Amino acid sequence: MAANHNLKNLQWLLLAIKSENLTLHNISFYLSQPSSGCFQETENSMKINISKEDSSYFPQLLQVLGTSRTSQLCLRNLEFHRAEWDLQQVGFLGVLLEKHSIIKQVVFRRNRLSKECMFEVCEVLKRNRVIKEMVFSESGIGYVGAELLASALKVNDCLEELQIWEDSIGSRGAEELSKMIEVNSTLKLLTIFDSNSITATPLVSAVLARNRTMEVHVWSGENGEKSSKVVEFAPENSTLRIYRLDVSGACRVACALGWNSTVKSLDMTGVRLKSRWAKEFRWVLEQNPNLKEVNLSKTCLKDKGVVYVAAGLFKNQRLESLFLDGNWFGGVGVEHLLCPLSRFSSLQHQANTTLKCLTFGGRRNKIGRDGLAAILQMITTNETLTRLGIYDDESLRPDDFVKIFRSLQKNASLRSLSLQGCKGVQGELVLETIMETLQVNPWIEEIDLAKTPLQNSGKADGVYQRLGQNGKSSEPEMDLLKDMPLTTPKSCRVFLCGQEYAGKSTLCNSILQNFSSSKLPYMDQVRTIVNPVEQAVRTVGGMKIKTFKDEEDTKISMWNLAGQHEFYSLHDLMFPGHGSASLFFIILSLFRKPSNKEPKTQMEMEEDLQYWLRFIVSNSRRAVQQCMFPNVTIVLTHFDKINQPSQNLQAAVSSIQRLRDKFQGYVEFYPTVFTVDARSSASVSKLSHHLRRTSKTILQRVPRIYQLCNDLIQILSDWRSENYNKPAMRWKEFDELCQVKVPSLRIRSRHDNKEKVEMRRRAVATCLHHIGEVIYFDELGFLILDCEWFCSEVLGQLIRLEARKSSYAETNGFISKKELEKILKGSLQSQIPGKGSKVFDNLEASDLVRMMLKLELCYEQDPSDPNSLLLIPSILEEGRGRPQRWQLSSAECVYAGRHLECDDSSHMFLTPGFFPRLQVHLHNRIMGLKNQHGATYSLEKYLISININGIYIRVELGGQLGYHIDVLACSTKNITETLRLIHQLIIPAIHSLCHGITLTENVMRPECVQNLTPPRYRRTQFVSLQQLKRALLSVPAESMYDYQHTWEAVSDSGRPILGACFDLARDLLSDDDFREVLHRRYHDLYNLAVELHVPPETNPDGTEQALSGNDHESVDPSLGGIAKGLEVVLQRLKIIEQEIRDLKQEIQGLRYYEHKLLTELHRKVNFLVNYNVQIEERKVPNMFFFVRTENYSRRLVTNMISGMTALRLHMLCEYRREMHVVEDQMGCEMMKVDNIAVKSLAPYMTKFMKLLTFALKIGAHLAAGMGEMIPDLSREVAHLADSSLLVGAAGAATAGVVGAAAMGRNRSRGGERDIQQDLRTAQQWVVDFLRERRCSSGKDIAEKFGLWRVRYRDSGQIAWICRRHMNLRAHEIMEVPI
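As the structure is a computational prediction, the values presented were derived from the model and not from experiment.

A. A look at the overall build of the chain. Secondary structure summary: the chain contains 45 helices and 50 strands in total. Taking all contacts inside the chain whose residues are at least 6 apart in sequence as the whole, residues at least 24 apart take part in 73%. Of the accessible surface of the chain, which amounts to about 62,100 Å², a share of 48% is contributed by carbon and sulfur atoms.

Pasting the structure below:
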């Protein structure tokens, strides 16, 4: 009833529309209905039924709607059912659509549109800019309508959705629509339901070829069959699914995919494909840059088709997942499919590294023997695949799956393995192998055994349980190496050091023959026969290694360090590491060349021996902690040519003895010097016996190694024998070996700390390197198992490159990587016909270049450029004869130089390999700076030239055997900026390569830097930086800024080279150095004030004595009293530190502080001198000190200990405010200190020496109140500048300054003996001592001490003063003889 109530007639509708009473959004016209009427379904939606009898209302309604203003503002959707259009009606529809600006959707369902009417509709669509969606359903538009729509949409740029349902547009219509797609870029959705699936091909091909982000759905129902989807493309997830397509259509789609960028996932499951399609798809895999996933399951591909797919994988670098299960290919197809995922040589790169997931298999898939071999090779060598599936296989047997799981033990990348439905997965052996694999390989997260006999029998539960355990975190982490057993090493290295023609190789062969050849393995005996043939063809020289075992299975390796000078830069790399069992034979020939009898001079012998001793000492100091001194044995060869004892031989022996004494404490010498004929096995028998015995001794003395290292030596040996005796091993192969063969170095769970296990493996590799079993340098990516091959064939050839030829000299010393690789290949080719070099079977030329870069044997001109030019410093030529001058030469230039010298140059030096490494290291450090500002860097053999940020720097290697480095700088910047660059960049780089060698820094004369004076003339033109700072500390504060350092003159054969001159310290030091000096002065003054500070409770009356210059004022005679007037000084110190602005202001503040403090210090010391004038009326001097003679030098005694001998008593000149040491004073000898002397003098010595110590520390000897007391004394006790040495003779632990001060404070608090008693006792001892020595008269004292007794005219006090003061101060004093 309600429906009938709401039903209105069409006349009412016309009036309502005209009256603008209806606001309709959606209108649906249903024509050819039984009855007419309109029904308002919702407030804004209306359904209009029109019968055939009332069909005249249809055009009227269209016309009225076209003119209605309300509908123009509201109407959005129009739908027409069963309408039979004529041109008049289409015209009204066109007017309606043109005047309504918000109509978005127009739907035609079961309409009848003639060709003319369809044309008009399309013309309207061309002009329309509003409609977003148009639907034609069962309207019979055919291919003609499709053509008209295509032509309209080529113009229309507004329509976003087009749907054509239940219509047959045919291939012709589809082709026209595809042309429209090529032009139209606004269409977002295309849905076609056609009777023929062929319509899908052109549509989807156009969408893919033009990279349209258009959603496409094509359905088809052929021959009355149930409708099904043909193609679906969803741009939101970039997925293309093809359900049904013929081969030609699939090929066309494949062609469109070639350069497509919108499809990431292609699914063609179930589409029957042939090799013709696969041939096209190969091109897709090679060219398409975005395809990530391809599913070709159940596509009936055979071997030929899969071969094409595999060929595409070689060049593909995007595809991540490929599904090929359910196809019909066999073992040949599997072999080709897995080829791009496998490696067949350690030097070969895996062709495809992006594919992560692969599946294949099926009941019609016959894998066979070839396919199994390909699977095993892929699993063993692949490094990228994470998921592998072999489905429903019936061709593989249980033992084949055992092989698959065993090969999986070496794979660290695979995470999931699916063997779903494989019939061969059955039996106990397969189950045991799976469990063993999971024990070794923790990376596998999933093994799918569904539908396999093993699963069906219920035996797979243990596998799943083990997988769960691998997923859990392992036990709490503990250092597995920490608790491993230690053992004595079983291998020792003997390094044969010596110059060229010393006979090292001959001696090595003779020692080898001395060890019975019957004890050598058969292959070693054969090798000794073959090697001479190879050595005769090879170039003479190079580092060689001979290895043998003695009867106790101790392995001894003789490393023959090449004597040719070009090999010296590589010797550092071969030097044994910390704790390595090794000894050194220094081989010295008694003759210059073996071909003649011209003996070496004593100087030549000494130079050769000294070089190798310094080389050994310098390199051994690189160890953080030396467990033992290097063991050195000296061997003299060519002794057979000496017929009778000669003077040269005696001179050589004495030279050797001198150097042994010199290097005692640095190396451990074998006492016997061996003289041998290196060619005679009998002559070297004693040396061989010494080698065997000493090796065993050293093996017992060196630190023990992990038992694991000895085990690994055998494991690595077995690995080499299984791998064609390969001399090199990639780090990945070492990782696999540790994972499979070494449980303690195994990653047990995928949640283990992989970095920690990797660190342990590297530590073990480093340990093997130190003991000489392998050569391993961190970050190179491989281990060298054959050390002789590496030293002779690789490093030996690298250092002898013929790189100076061709374009090397033309490019300023640089060479391209390709050119270097070409030279390397040419150098390393075997010269024996038919025998190929082993080098490039194991390492590529690029590996050698990378090794040179890592070992800093060369550097790249531009590290950011992969094709950058390279420079090899070790083959640089010297720049002799070239003019040496600065590029800057203006008057504003500042010149600064630093001379870095080995602190112990007589025993150590910078080894020949140091400077080439510095050249590379410094380049890499500079080019790594963020603010390098276009730095330039050039090299000569012993020179580095740098220009960085406007500062020109030269780094020169100098000195015989290279014991010092000069850093010279020229800049228009100030001295501070220039030196700051040297101290922050150059010197740290040098120190980083000088492990164990201390370099002292010296300041070079600026004139030498400016004129680039040759090194031979500037040997004396530098001063120690610390000495210059100490000199500044020794002058008064007001003189610091104007302190001058004087340079002596230099001449050559009477010809003046450099004149004598001076430079201000401020021009030699940076502001940073100057501030350091000033702050050290502040620090010393502050420490003096703090150490002598007296707490308030130690002053009973609570009164404080002010600072005053009145010498007669009564003062507290305790040492602590010196600090009474220092409170103001300390406050002033804090103020000064806050007010520091520049060096001059800082010095001004320092002068005030120093003056106040030293004035107070003088008053207290003066009191000590004059406090007791009653003791026999000052018949002897009061201020005395003791000096002890040691090793031809005089040392100040700061503490008295019973039993001390060889002391001399000296007296100070006591003239007030100018006390000093008297020059050339004889003093009085004291044979031995007894207990009475200690008891009398110890308190006085500790207190007086305390004042003296602080006076030395603060430079008090040049300030008022102390006069010349300390300068002369400090010349005798310069070593006391470091307070740690101020502990007195015999090093008594209780004689420290701080301890004495504390003892003094405790005594004053406890009311014990005070300083008056100490002084009285000490002075009485002096009176008695001098009386015993018959030195009590004034004449005796003047003779022994140079002092005369006088009285001050103003105060009447007695003092003992020197002759100089007697003359200078005659008007202030009068002599008072005793």
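B. Layout of the side chain of Glu773. In this structure, Glu773 sits in the loop between helix 27 (754-770) and strand 29 (782-784). A distance of 3.1 Å separates polar atoms of two side chains, one belonging to Glu773 and the other to Ser491. At a separation of 2.7 Å, a polar atom in the side chain of Glu773 contacts the side chain of Lys555. Excluding anything up to four places from it in sequence, Glu773 contacts Ser491, Lys555, Ile713, Leu768, Leu785 and Cys787.

C. Structural detail: the pattern of salt bridges. According to the stated counting rule, one finds 44 salt bridges in the structure shown. The partner of Arg282 in a salt bridge is Glu286, with the nearest N and O atoms 3.1 Å apart. A residue pair is termed a helical-turn pair when its members lie 3 or 4 positions apart in one helix, as Arg282 and Glu286 do in helix 11 (residues 275-287) at 4 residues. Sharing partners across several salt bridges, the network here consists of Arg343, Glu383, Lys732 and Glu736.

D. Representation of the environment of Ile965. Along the chain, Ile965 turns up in strand 36 (residues 964-971). Looking at Ile965, the relative accessible area reads 0%, which means it is buried. Distance in space between the C-alpha atoms of Ile965 and Ile990 is 9.0 Å, their sequence separation being 25 residues. In contact with Ile965, not counting residues within four places along its chain, are Arg898, His899, Leu900, Leu910, Phe914, Leu918, Val955, Glu956, Leu957 and Ile990.

E. Seen up close, helix 2 (residues 10-18). Considered for burial, the residues of helix 2 that qualify are Leu10, Leu13, Leu14, Ala16 and Ile17. What you see down the axis of helix 2 is that its buried residues fit within an arc of 165°, all on one side. Seen from the open side of helix 2, the exposed residues pointing more than 90 degrees away from its buried face are Leu15 and Lys18. Looking at the buried residues of helix 2, the elements they touch are strand 2 (37-40), strand 3 (45-51) and helix 3 (57-67). The N-capping residue of helix 2, defined by a side-chain oxygen 3.3 Å from the backbone nitrogen of Gln11, is Asn9. Positive backbone phi, approximately 60°, marks Glu20, located one or two places after helix 2.

F. Quick peek at a positive patch on the surface. Among the surface-exposed residues, Arg272, Lys274, Arg276, Lys302 and Arg364 lie close enough to one another that they form a single positively charged patch. Looking at the element boundaries, Lys274 is found in the loop between strand 12 (265-267) and helix 11. A residue is classified by how much of its surface remains accessible, and Lys274, at 51% relative accessible area, is exposed.

G. Layout of the sheet that holds strand 49 (residues 1358-1361). In space, the 3 strands of this open sheet follow the order 49-48-50, with antiparallel pairing throughout. Of all the strands in the sheet, the pair left with one neighbour each is strand 49 and strand 50 (1373-1375). Across the sheet, the mean angle separating the axes of adjacent strands is 40° when strand polarity is ignored. Pairing of strand 48 (residues 1348-1352) with strand 49 involves 4 bridges; the strand directions are antiparallel. Bridged to Trp1348 within strand 49 is Ile1361.

H. Region of interest: the nonpolar core. Membership of the largest hydrophobic core comes to 144 residues, with the highest contact counts inside it found for Phe29, Phe80, Trp85 and Phe360. Looking at this core, the element that brings in the most residues is helix 10 (residues 247-257), giving 7 residues. Among the nonpolar cores identified, the runner-up in size contains 96 residues, and Val632, Phe663, Phe782 and Ile990 belong to it.

I. Layout of the packing of aromatic side chains. Under the counting rule described, the total for this entry stands at 24 aromatic pairs. Arranged with centres 4.7 Å apart and planes meeting at 15°, the rings of Trp277 and Phe281 form a pair that is stacked. Linking Trp277 with Phe281, this pair stays in helix 11, spanning 4 residues, or about one helical turn. The same class applies to Trp277 and to Phe281, which are both buried.

J. The arrangement of unusual backbone geometry in detail. Residue Asn211 is not a glycine yet carries a positive backbone phi of 55°. Given a relative accessible area of 28%, Asn211 falls into the partly exposed group. Even without glycine at this site, Ser1053 takes up a positive phi of about 55°. Checked against the element boundaries, Ser1053 lands in the loop between strand 40 (1050-1052) and strand 41 (1055-1058).

The rules we used
Residues numbered from 1 in each chain as written. Predicted model: local features only at pLDDT ≥ 70, side-chain atom pairs only at ≥ 80, totals over all residues. Heavy atoms only, no water. Helix = DSSP H or I, 4+ residues; strand = E, 2+ residues; numbered from the N terminus. Contact = heavy atoms within 4.5 Å. Areas by Shrake-Rupley, 256 points an atom, 1.4 Å probe, with all protein chains shown as cover. Polar contact = N/O pair within 3.5 Å; in protein donor to acceptor, adjacent residues only side chain to side chain. Salt bridge = Lys/Arg side-chain N within 4 Å of Asp/Glu carboxyl O. Buried < 20%, exposed > 50% of the residue type's maximum accessible area, 1.4 Å probe, protein only. Arc of directions from axis to C-beta. Patch = residues over 30% accessible without salt bridge, like charges linked within 9 Å, V, L, I, M, F, W, Y side chains within 5 Å. Lys, Arg positive; Asp, Glu negative; His and termini not counted. Charge placed at Lys NZ, Arg CZ, Asp CG, Glu CD. Pairing = 2+ DSSP bridges. Axes fitted to C-alpha atoms, helices over the stretch in contact; angles between N-to-C directions. Core = buried A, V, L, I, M, F, W, Y, C linked by side-chain atoms within 4.5 Å. Phe/Tyr/Trp six-rings, centres within 6.5 Å; stacked < 30°, edge-to-face > 60°.

From the geometry alone we can't say anything about function, so treat these as descriptive.
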